[in-house]
Each structure stands twice: as structure tokens, then as C-alpha cells.
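# Fold and contact review
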Amino acid sequence: MTDDDFGATIAKRRLSRLLADLRTERGYTGNQVCDRLGWGRGKVGRFEANQWKRPEMSDIRDLLRLYKVTEDERSVLETLATLARTRAWWRQYGDVFDNEYPGFESDAARISVYLPLILPGLLQTQAYIEAHMHAGSRSPQWQERALEARLRRQRILDRTDGRAPELVAVVTEASLMYRWGTQDARRAQIAHLVKMSRRPNVELRMLRFADGPHPGMSSMISVFDFPGDEPSVVYLESDATLQELNTPAEVDSYIEIFGQIKAAALEPTATTACLKSLSEALE
């Protein structure tokens, strides 16, 4: 597997938005476009809502002809469509992913993440992943596939071509205090956090029991910020679903909440010291 699919998810999202803008500027309704192109009603709406996996180039060219785009516009849109058609690696894991989360994660310039009871997936050791998956009700086959996919996701932090995202992670003491595996495995997870926190693109902060209640006690938030002027995306996670939020008001609200959670946590240096103390105190 390679990172040849870098940018594919954002290209598809941007293409959807630009096609919607073109239709509006040309004065068409979605149904009018479908009728003129002989498409079923709703097809244009699905495109513009980004409810497609891989755009067909013939469909894109039909739209561009109808909208009478300039050569410069055509070049931009066809380039986006070509990139959007890339078969991203996570598409091989349709049994694990039923959303665009890994694509946004892969394409982000900055990832801000907070989970109240477990560690962020990008910072988990294999032993930690296996212990938490075994506590669930999924089949061993699914767990094996999910483990493989999660370890693959973590590789974005190892990129050396300037595309490694900045990771801002707020973790909780609770996420480290459950007893799982061996003492050595639990200490290895903490040591891994300390090691990752030393990377220039990783900012790690901790919320301690001793500091009392804090904002976001039950929130599970991931904020993805992208290069350029591409709008940010927020995902809210529960045991059952991942909910994508992309309207400006919703996104801004959760960016503010994440900022409050981050402000309540220990600074990075103090977080490292706290992690070392927790490792020493493990039984």
C-alpha cells in the first residue's frame, strides 16, 4: 500500500461543491440538469451532496458541457475528478469503514481529537487495540481486519514528504487506568505516548482525575482541518455511529468545545511528566 491516494477524499468533496456552485451560477435546478442529460431524478443531488464513491469521467464531462465551463475551469474540475477516482486503500475495508473518516484523516493538515475513555486510534499500540477489540462483540475475522486497518491509518504520522498532519490529541487518565493485558503491555502503551509526544507534529495533553470535571466529559470529537481554503469537518463518535458535521455553525461550535477541552488539560511538558508517573504507579 502507498499514499498515492493522498488527497482523493478532499478532491471528491471539493468537486461536489464546485459542481453545485456551477449549477447555481448557470441557473439550473438539479431536476433540470437530470432531465437535460437524461439522468434519473436525484443523481445530481447525490453528486452535489458528495454521496458518491468514485465519479465517472463521462458524467463529469456531460456536466461541464452543459454548464459551458471555461478551459481553465475544465482543467481544474477534470483534475479533481481524476484524483477523486483514485482507489483509496480504505475502500478495501468496506466491512470496517462505512464513512469517509479515514479519508479525511489521511488528507488533513491538522487533526484535533479527544476521546473521554479510550486513546485516539492514531496513538494506540497493537496490544491496546487488540485488548479493546476483544472486549467487543465483533467476530474474530472482523477484529483482524479492523486491527490491520487501524495500524495502516497510523502510518500518516510517519510520512516524511511534508504531508504528515499535525496531531493535537487530548487524552484522559481514565483511558490509561483500565486493566487490560499485562503490566508490561500497559507500560509499553504509556511509553509509546511519551515517544509520540516528542515528535514535532504531535501535541499531547492530558486531563487528570485530580483536576476534576472538565468540558466535554462525554464528547468524542475529531476535527479535521485541511490545506488551503477547504472547509473543516467534525466527526462525533458513539459506540454505534460516526456522525459527520460540515455546516459552518456546527463545525465552529465543536472547534470551540475542543478548545475548551484542550485548555482544561495539562500542558505538553506536564503531560509527559504525568505519563511517566502513571507508568511507575501501574500495578
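Residues numbered from 1 in each chain as written. Predicted model: local features only at pLDDT ≥ 70, side-chain atom pairs only at ≥ 80, totals over all residues. Heavy atoms only, no water.

### Looking at the overall build of the protein
Which entries qualify depends on this criterion: Helix and strand assignments follow DSSP, with helices taken as H or I runs no shorter than four residues and strands as E runs no shorter than two, numbered in order from the N terminus. Two residues qualify as a contact provided that any one of their heavy atoms is within 4.5 Å of a heavy atom in the partner residue. All accessible-area figures derive from a Shrake-Rupley calculation using a 1.4 Å probe, and residue coverage is judged against the displayed protein chains alone. Charged residues are defined here as Lys and Arg on the positive side and Asp and Glu on the negative side; His and the ends of the chain fall outside this count. We put the charge of a Lys on NZ, of an Arg on CZ, of an Asp on CG and of a Glu on CD.
Along the backbone of the protein there are 12 helices and six strands. Taken along its principal axes, the extent of the C-alpha atoms in the protein is 70 × 40 × 35 Å. Considering only residue pairs separated by 6 or more positions, the protein has 75% of its internal contacts joining residues 24 or more positions apart. In the structure as shown, the protein presents an accessible area of about 14300 Å², 50% of it carried by carbon and sulfur atoms. The average position of the 38 basic charges and that of the 41 acidic charges among the side chains of the protein differ by 3 Å.

### What about the pattern of salt bridges?
Defined as follows: Definition used for salt bridges: Asp or Glu carboxyl oxygen within 4 Å of a side-chain nitrogen of Lys or Arg.
One pass over the full model with this rule turns up 24 salt bridges. As a salt-bridge pair, Arg61 and Glu78 come within 3.5 Å of each other at their nearest N and O atoms. Of this pair, Arg61 sits in helix α4 (residues 57-67) while Glu78 is found in helix α5 (residues 71-84), placing the two residues 17 residues apart along the sequence. Between Arg65 and Asp62 there is a salt bridge, with the nearest N and O atoms lying 2.2 Å from each other. Of the two residues, Arg65 and Asp62 are both situated in helix α4; the distance of three residues between them amounts to about one turn of the helix. Put simply, Arg13, Arg14, Arg17 and Glu230 are held in one network by salt bridges that share partners.

### Quick word on empty space enclosed by the protein
Stated formally: Both cavities and pockets are sets of points on a 1 Å grid over the protein atoms alone; in a cavity a 1.4 Å probe fits but cannot get out, in a pocket the set is open with protein on both sides within 12 Å along at least five of seven lines, and lining residues sit with an atom within 4 Å of a point. Grid points are joined across faces, edges and corners, and a volume is the space filled by probe spheres set on the points. Residue classes follow a fixed rule: Ala, Val, Leu, Ile, Met, Phe, Trp, Tyr, Cys and Pro count as nonpolar, while Asp, Glu, Lys and Arg count as charged, and any other residue, Gly among them, counts as polar.
If you walk through the whole model with that rule in mind, you get two cavities of 30 Å³ or more. Approximately 60 Å³ is the volume found for the largest cavity. Lining the largest cavity, in full, are Ala8, Thr9, Lys12, Lys53, Arg54, Ala84, Thr86, Arg87, Ala88, Trp90 and Arg91. If you tally residues by element for the lining of the largest cavity, the top one is helix α1 (residues 8-26), at three residues. Of the residues belonging to the lining of the largest cavity, the class tally is four nonpolar, two polar and five charged. Reported here for the second largest cavity is a volume of approximately 30 Å³. For the second largest cavity, the full set of lining residues is Leu19, Val44, Phe47, Glu48, Leu63 and Tyr67. Listing elements by their share of the lining of the second largest cavity, those giving two or more residues are α3 (43-48) and α4. A per-element tally of the lining of the second largest cavity places α3 first, with three residues.

### Describing unusual backbone geometry
Of note in this structure, Asn50 is not a glycine but carries a positive phi near 60°. With a phi angle near 50°, Lys68 is a residue other than glycine that sits in the positive phi range.

### Brief notes about the packing of aromatic side chains
Rules: Between the rings of Phe, Tyr and Trp (Trp by its six-membered ring), a pair exists once the centres lie within 6.5 Å; its type follows the angle of the planes, with under 30 degrees stacked, over 60 edge-to-face, and the other angles tilted. Each residue gets one of three labels from its accessible area relative to the maximum for its type: buried under 20%, exposed over 50%, partly exposed in between, using a 1.4 Å probe on protein chains only. Charge over a ring is defined by NZ of Lys or CZ of Arg lying within 6 Å of the ring centre and within 35 degrees of the ring normal.
Counted according to the given criterion, the structure contains 13 aromatic pairs. Residues Trp89 and Tyr93 carry aromatic rings whose centres are separated by 5.8 Å and whose planes lie at 75° to one another, so their mutual orientation is edge-to-face. The pair Trp89 / Tyr93 is uniform in exposure class, with both members buried. When the ring of Phe224 is compared with that of Tyr235, the centres are 6.2 Å apart and the planes differ by 70°; the resulting orientation is edge-to-face. Of this pair, Phe224 sits in strand β4 (residues 221-225) while Tyr235 sits in strand β5 (residues 233-237), and the two are 11 residues apart along the sequence. Neither Phe224 nor Tyr235 differs from the other in exposure class; each is buried. Taken together through their ring pairs, the aromatic side chains of Tyr101, Phe104, Phe224, Phe226 and Tyr235 make up a single cluster. The ring of Trp142 is capped by Arg138, whose NZ or CZ atom sits 4.4 Å from the centre of that ring. Above the face of the Phe6 ring, Arg163 is positioned so that its terminal group lies 4.3 Å from the ring centre.

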